[in-house]
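Below are the chains, spelled out letter by letter.
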Amino acid sequence: MKVFRGLPNAASRAPCALAIGNFDGVHRGHQTLLAHLRQAADRLGLESAVMTFEPHPRAFFARLAGDLSKAPTRIANLRDNMSSLEKAGVDRVIVEHFNTLFASLSPEDFIRKVLVDGLHVKWLMVGEDFCFGARRAGNIATLEEAGKRYGFEVQTLPAVQNKGVRISSSAVRDALAQGDFAEASELLGHPYRISGHVIHGQKLGRTIGFPTLNLRIAHHRPATSGIFIVKVHGLAEQPLAGVASLGIRPTVDDSGRVLLETHVFDYAGHAYGKIVQIEFLKKLRDEEKYHDLATLTAAINRDAEQARAYFDAASRIPASSATDRI
């Protein structure tokens, strides 16, 4: 899969079937849309392409308004979204930088400059509530009329439902915010995981008996935060048990930087630079700020004991039930 930051250059603008959206988390609704995209591309002999945006448009406008609380939380980082799109059979992804210039494009300029001249779109699929262009003035009818003029077909996808409820990024965010990883997994079609390179941290954990793998979180509003029971993929043939903290570490850091720190039980190998996946199983508690390091250490001890008890209990359950729990 090829990934472009902005529109491809002229040599890479082969005619394509295109889907447009934010695709945060690439949940089951997205996966259904991408399956239609793949089928259309194969039928028409085109490359399949996805256009997504960075930052999320709502995050851009929230920052512009000076109220970041209006920005959506992020389900997945860019790496994980790209991996999911590749698994769905997408040939190329255009990550469009959403800025003032892009936001000010009129619907007609977006169609002509981006879809027609920039991407050579021949088939287009969007969600049934898709709006675009400055002040969201463009809609499905705008696209269909332009398709007749410029020679591209427009398809919409009705909302995909789970148990009578629409599958959406908002629904996934709600499940993650509540620590309901079973519901999030059902909406995503896979367990909730965050991946990344293991980086060097302050190495404070090893001084208190809890060395951690550190993954930087580029965005500032993850869809979940707190202390979690996790499994770690990528360090051994089988996933390893652990306990993780996702957040701003208020006791030891006042920078506001978000970090995912994972203590892997009974592991002493070298991990720096490796790509790992942290799979979330259960939320233990929210982040807290402690008045000293000794209190923090005692809290981590309790978290680790709960996590070990969880895995011990799971190992004693018959295989079918243990799989449901883990």
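Preceding block: the structure.
Criteria and cut-off values
Residues numbered from 1 in each chain as written. Predicted model: local features only at pLDDT ≥ 70, side-chain atom pairs only at ≥ 80, totals over all residues. Heavy atoms only, no water. 1 Å grid on protein atoms, 1.4 Å probe; cavity = no way out; pocket = protein on both sides within 12 Å on 5 of 7 lines; lining within 4 Å. Points joined across faces, edges and corners; volume = space filled by probe spheres on them. Nonpolar A, V, L, I, M, F, W, Y, C, P; charged D, E, K, R; others polar. Helix = DSSP H or I, 4+ residues; strand = E, 2+ residues; numbered from the N terminus. Expected span 1.5 Å × (residues − 1). Buried < 20%, exposed > 50% of the residue type's maximum accessible area, 1.4 Å probe, protein only. Arc of directions from axis to C-beta. Contact = heavy atoms within 4.5 Å. Polar contact = N/O pair within 3.5 Å; in protein donor to acceptor, adjacent residues only side chain to side chain. Axes fitted to C-alpha atoms, helices over the stretch in contact; angles between N-to-C directions. Parallel < 35°, antiparallel > 145°, perpendicular 65-115°, else oblique. Left-handed = near helix turned anticlockwise from the far one by under 90°. Pairing = 2+ DSSP bridges.

Student: Is there a simple way to explain the layout of surface pockets in this structure?
Tutor: Rolling a probe over the atoms, with the probe sized like a water molecule, indicates the empty space that remains. In this structure, the largest pocket encloses a volume near 1200 Å³. Around the largest pocket sit 40 residues that line it, and Gly-21, Asn-22, Asp-129, Phe-130 and Arg-136 are the ones nearest its centre. Of the residues assigned to the lining of the largest pocket, the class counts are 21 nonpolar, 11 polar and 8 charged.

Student: Honestly, helix H1 (residues 28-44) in this entry has me stumped. Any pointers?
Tutor: Residue pairs three or four apart in sequence face the same way in an α-helix, which turns once every 3.6 residues. Given a rise of 1.5 Å per residue, 17 residues ought to cover 24 Å, and the 24 Å separating the end C-alpha atoms of H1 matches this to within 8%. Within H1 the residues assigned to the buried category are Gly-29, His-30, Leu-33, Leu-34, Leu-37, Ala-40 and Ala-41. What you see down the axis of H1 is that its buried residues fit within an arc of 130°, all on one side. In H1, those exposed residues whose orientation departs by more than 90 degrees from the buried face are Gln-39, Asp-42 and Arg-43. On its buried side, H1 packs onto strand S2 (16-20), strand S3 (47-54), helix H3 (78-87), strand S5 (121-127), strand S6 (153-157) and helix H7 (169-177). Directly beyond the C-terminal end of H1, a positive phi value near 70° is found at Gly-45.

Student: Just to check I follow, could you spell out helix H6 (residues 140-150) for this structure?
Tutor: Along H6, the residues that are buried comprise Ile-140, Leu-143, Ala-146 and Gly-147. Burial along H6 is one-sided: seen end-on, the buried residues are contained in an arc of 125°. Of the surrounding elements, those touching the buried residues of H6 are helix H5 (107-118), S5 and S6. Two or three places before Ala-141, at the start of H6, stands the capping residue Asn-139, its side-chain oxygen 3.1 Å from that residue's backbone nitrogen.

Student: Got a minute to help me understand the packing of H5 against H6 in this structure?
Tutor: Two packed helices can be described by the angle between their axes and the distance between those axes. Taken N-terminus to C-terminus, the directions of H5 and H6 make an angle of 50°; their axes are 11 Å apart at the nearest point. For the element pair H5 / H6, the angle class is oblique. Of the two possible hands of crossing, H5 and H6 adopt the one that is right-handed. Contacts from Pro-107, Glu-108, Ile-111, Arg-112, Leu-115 and Val-116 in H5 reach Thr-142, Leu-143, Ala-146, Arg-149 and Tyr-150 in H6. Classifying every residue of the contact of H5 with H6 by side-chain character gives 7 nonpolar, 1 polar and 3 charged.

Student: Sorry, what's going on with empty space enclosed by the protein here?
Tutor: The tally for this structure, following the rule as stated, stands at 2 cavities of 30 Å³ or more. Roughly 100 Å³ of internal volume is contained in the largest cavity. Forming the boundary of the largest cavity are Asn-22, Phe-23, Asp-24, Thr-52, Phe-53, Glu-54, His-56, Arg-74, Leu-78, Asn-81 and Met-82. Put simply, the parts of the chain that give the lining of the largest cavity at least two residues each are S3 and H3. Residues belonging to the lining of the largest cavity are distributed by class as follows: 4 nonpolar, 4 polar and 3 charged. In this structure, the second largest cavity encloses a volume near 50 Å³. What lines the second largest cavity is simply Arg-74, Ile-75, Ala-76, Asn-77, Tyr-192, Ile-194, Ile-217, His-219, Pro-222 and Ala-223.

Student: Quick question: what am I supposed to make of the sheet that holds strand S9 (residues 193-197) here?
Tutor: The pairing of strands in a sheet happens through backbone hydrogen bonds and is either parallel or antiparallel. An order of S9-S14-S11-S12-S13-S10 is seen for the 6 strands of this open sheet, with the pairing classed as antiparallel. The open sheet is flanked by S9 and strand S10 (213-216), the only strands paired with a single partner. Averaged over all adjacent pairs, the angle separating strand axes in this sheet is 35°, with direction ignored. With 5 bridges joining them, S9 and strand S14 (residues 275-285) adopt antiparallel strand pairing. Paired with Ile-194 across the bridge in S14 is Ile-278.

Student: Mind showing me how you'd approach unusual backbone geometry here?
Tutor: Note: most peptide bonds trans; most residues except glycine with negative phi. At the junction of Glu-54 and Pro-55, the peptide bond is cis and its omega measures out at 0° in the coordinates. In this fold, Pro-55 is placed in the loop between S3 and helix H2 (57-65). Unlike most non-glycine residues, Arg-135 shows phi in positive territory, near 55°. Here Arg-135 lies in the loop between S5 and H6. Even without being a glycine, Asp-266 presents a positive backbone phi close to 55°. Positionally, Asp-266 belongs in the loop between strand S13 (259-264) and S14. Asp-266 gets classed as exposed once you look at its relative accessible area, which sits at 71%.

Student: Whenever I open this one, the sheet that holds strand S4 (residues 92-97) confuses me. Can you help?
Tutor: An order of S1-S4-S3-S2-S5-S6 is seen for the 6 strands of this open sheet, with the pairing classed as parallel. Bordering the open sheet on either side are strand S1 (2-5) and S6, each of which pairs with just one other strand. Ignoring which end each strand starts from, the neighbouring axes of this sheet average 20° apart. Direction of pairing for S2 relative to S5: parallel, over a ladder of 4 bridges. Residue pairing in the sheet places Leu-18 in a bridge with Leu-124 of S5. Of the strands in this sheet, S2, S3, S5 and S6 touch H1, which is tilted by about 165° from S5. In the packing of H5 onto the sheet, contacts are made with S2, S3 and S5, and the angle to S2 comes to roughly 130°.

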